[in-house]
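# Results of the structural survey
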Amino acid sequence: MKPVPSATSLRRAPVQRRSAERLTRILDACAELLDEVGYDALSTRAVAQRASVPIGSVYRFFGNKRQMADALAQRNLERYTARVTERLRQTGGDGGWRTAMDVVLDEYLEMKHTAPGFSLVDFGNQIPVGARSEPNHRVADRLTELLSGYLGREPDEDLRRVFLIAVETADTLVHLAFRVDPEGDRRIIDETREMLRAYLARVLD
């Protein structure tokens, strides 16, 4: 079964398997509709119809569409972390931090291209009322926990600050790349990769 977001983003956490599967359908429908109609035209009723659940099932978990988008962002982060973890496992620890950094960036770009709703929500809402500072802190904290062992470093405040700076930089530049080209301007992405390598080399080598 696909992962569902942390209970902290929900009005009520699913307890039974059937309830968890219903929540997954609701979030899948939300993601699909975000791509089709955008955030402004998104409605809880449309999500319920797409997910083939009663509207009351949506309100059991979410008070409004903003809470749905927040939960989708949390689920995206869980899935992203799982993808990065699996890719790093496949490398067998070879390549050091440079390989790890490539995996982190490449998996984000892959989700940007393939995950429904990701271009509007990613890990913390891109919608007009959203704020990027808190989501980037969450991503940096998760990467610190995930990569500290891989890098042989303590997950201390210094490493958290390094990853926060890297995440903030990459976030700004990757979004610039997708504003310039809906597919992601390859030259800007390549420059982003080089900039991250130069910064991290000074800190991690």
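A brief structural summary. This is a predicted model, so every value here is computed, not measured. (Residues numbered from 1 in each chain as written. Predicted model: local features only at pLDDT ≥ 70, side-chain atom pairs only at ≥ 80, totals over all residues. Heavy atoms only, no water.)

As a further point, take the packing of helix α8 (residues 157-180) against helix α9 (residues 186-204). The N-to-C vectors of α8 and α9 enclose an angle of 170°; their axes lie 9 Å apart at closest approach. In terms of axis orientation, α8 runs roughly antiparallel to α9. Contacts between α8 and α9 involve Leu159, Arg161, Val162, Ile165, Ala166, Thr169, Ala170, Leu173, Leu176, Ala177 and Val180 from the former and Ile188, Ile189, Thr192, Met195, Leu196, Tyr199, Leu200, Val203 and Leu204 from the latter. Of the residues in the contact of α8 with α9, the class split is 17 nonpolar, two polar and one charged. (Axes fitted to C-alpha atoms, helices over the stretch in contact; angles between N-to-C directions. Helix = DSSP H or I, 4+ residues; strand = E, 2+ residues; numbered from the N terminus. Parallel < 35°, antiparallel > 145°, perpendicular 65-115°, else oblique. Contact = heavy atoms within 4.5 Å. Nonpolar A, V, L, I, M, F, W, Y, C, P; charged D, E, K, R; others polar.)

Once that is clear, we can look at the packing of helix α1 (residues 17-37) against helix α2 (residues 44-51). Between α1 and α2, the least distance of the axes is 8 Å, while the angle of their chain directions is 115°. α1 and α2 meet at a crossing whose hand is right-handed. For the pair formed by α1 and α2, the contact residues are Arg25, Ile26, Ala29, Cys30, Glu32, Leu33 and Glu36 on the first element and Ala46, Val47, Arg50 and Ala51 on the second. In terms of residue class, the contact of α1 with α2 is made up of seven nonpolar, no polar and four charged. (Left-handed = near helix turned anticlockwise from the far one by under 90°.)

Membership of the largest hydrophobic core comes to 35 residues, with the highest contact counts inside it found for Tyr80, Phe123, Leu143, Leu147 and Leu200. Of all the elements in the fold, those that place two or more residues in this core are α4 (65-91), α5 (96-114), α7 (133-151), α8 and α9. Each residue touching leucine 200, except ones within four places of it in the same chain, is listed here: Trp97, Met101, Val162 and Asp205. Counting residues in hydrophobic clusters, the runner-up holds 23 residues, among them Leu27, Leu33, Val58 and Ala69. (Core = buried A, V, L, I, M, F, W, Y, C linked by side-chain atoms within 4.5 Å. Buried < 20%, exposed > 50% of the residue type's maximum accessible area, 1.4 Å probe, protein only.)

Pairing between side chains of opposite charge can happen when their charged atoms approach one another. A complete count under the given rule lists 19 salt bridges for this structure. The residue arginine 138 makes a salt bridge to glutamate 134 at a minimum N-O spacing of 3.2 Å. With arginine 138 and glutamate 134 both in helix α7, this residue pair falls four residues apart, about one helical turn. The residue arginine 187 makes a salt bridge to aspartate 185 at a minimum N-O spacing of 3.4 Å. One continuous salt-bridge network, built from bridges that share partners, spans Asp102, Asp106, Arg193, Glu194 and Arg197. (Salt bridge = Lys/Arg side-chain N within 4 Å of Asp/Glu carboxyl O.)

What follows covers the environment of proline 135. Within the fold, proline 135 resides in helix α7. Leaving out residues up to four positions away in the same chain, proline 135 has contacts with Phe123 and Gly124.

A few words now on unusual backbone geometry. Phi is positive for serine 52, close to 60°, though the residue is something other than glycine. Counting through the fold element by element, serine 52 comes out in the loop between α2 and α3 (55-61). With a relative accessible area of 61%, serine 52 lands in the exposed category. Even without being a glycine, aspartate 122 presents a positive backbone phi close to 35°. Here aspartate 122 shows up in the loop between α6 (118-121) and α7.

What follows concerns the environment of aspartate 106. Counting through the fold element by element, aspartate 106 comes out in helix α5. Looking at aspartate 106, the relative accessible area reads 27%, which means it is partly exposed. In sequence terms aspartate 106 and arginine 193 are 87 residues apart; their C-alpha atoms lie 9.9 Å from each other. Residues within four places of aspartate 106 in sequence aside, it is in contact with Arg87 and Arg193.

Moving on: α4. Owing to its 3.6 residues per turn, the α-helix aligns residues three or four sequence positions apart on the same side. Between the first and last C-alpha of α4 there are 39 Å, a value that for 27 residues agrees with the 39 Å anticipated at 1.5 Å per step. Listing the buried residues of α4 in full gives Met68, Ala69, Ala71, Leu72, Ala73, Arg75, Asn76, Leu77, Tyr80, Thr81, Val84 and Leu88. Taking the backbone nitrogen of arginine 66 as reference, a side-chain oxygen 3.1 Å away marks asparagine 64 as the first, capping residue of α4. A positive phi of about 70° marks glycine 92, the residue just after α4. (Expected span 1.5 Å × (residues − 1). Polar contact = N/O pair within 3.5 Å; in protein donor to acceptor, adjacent residues only side chain to side chain.)

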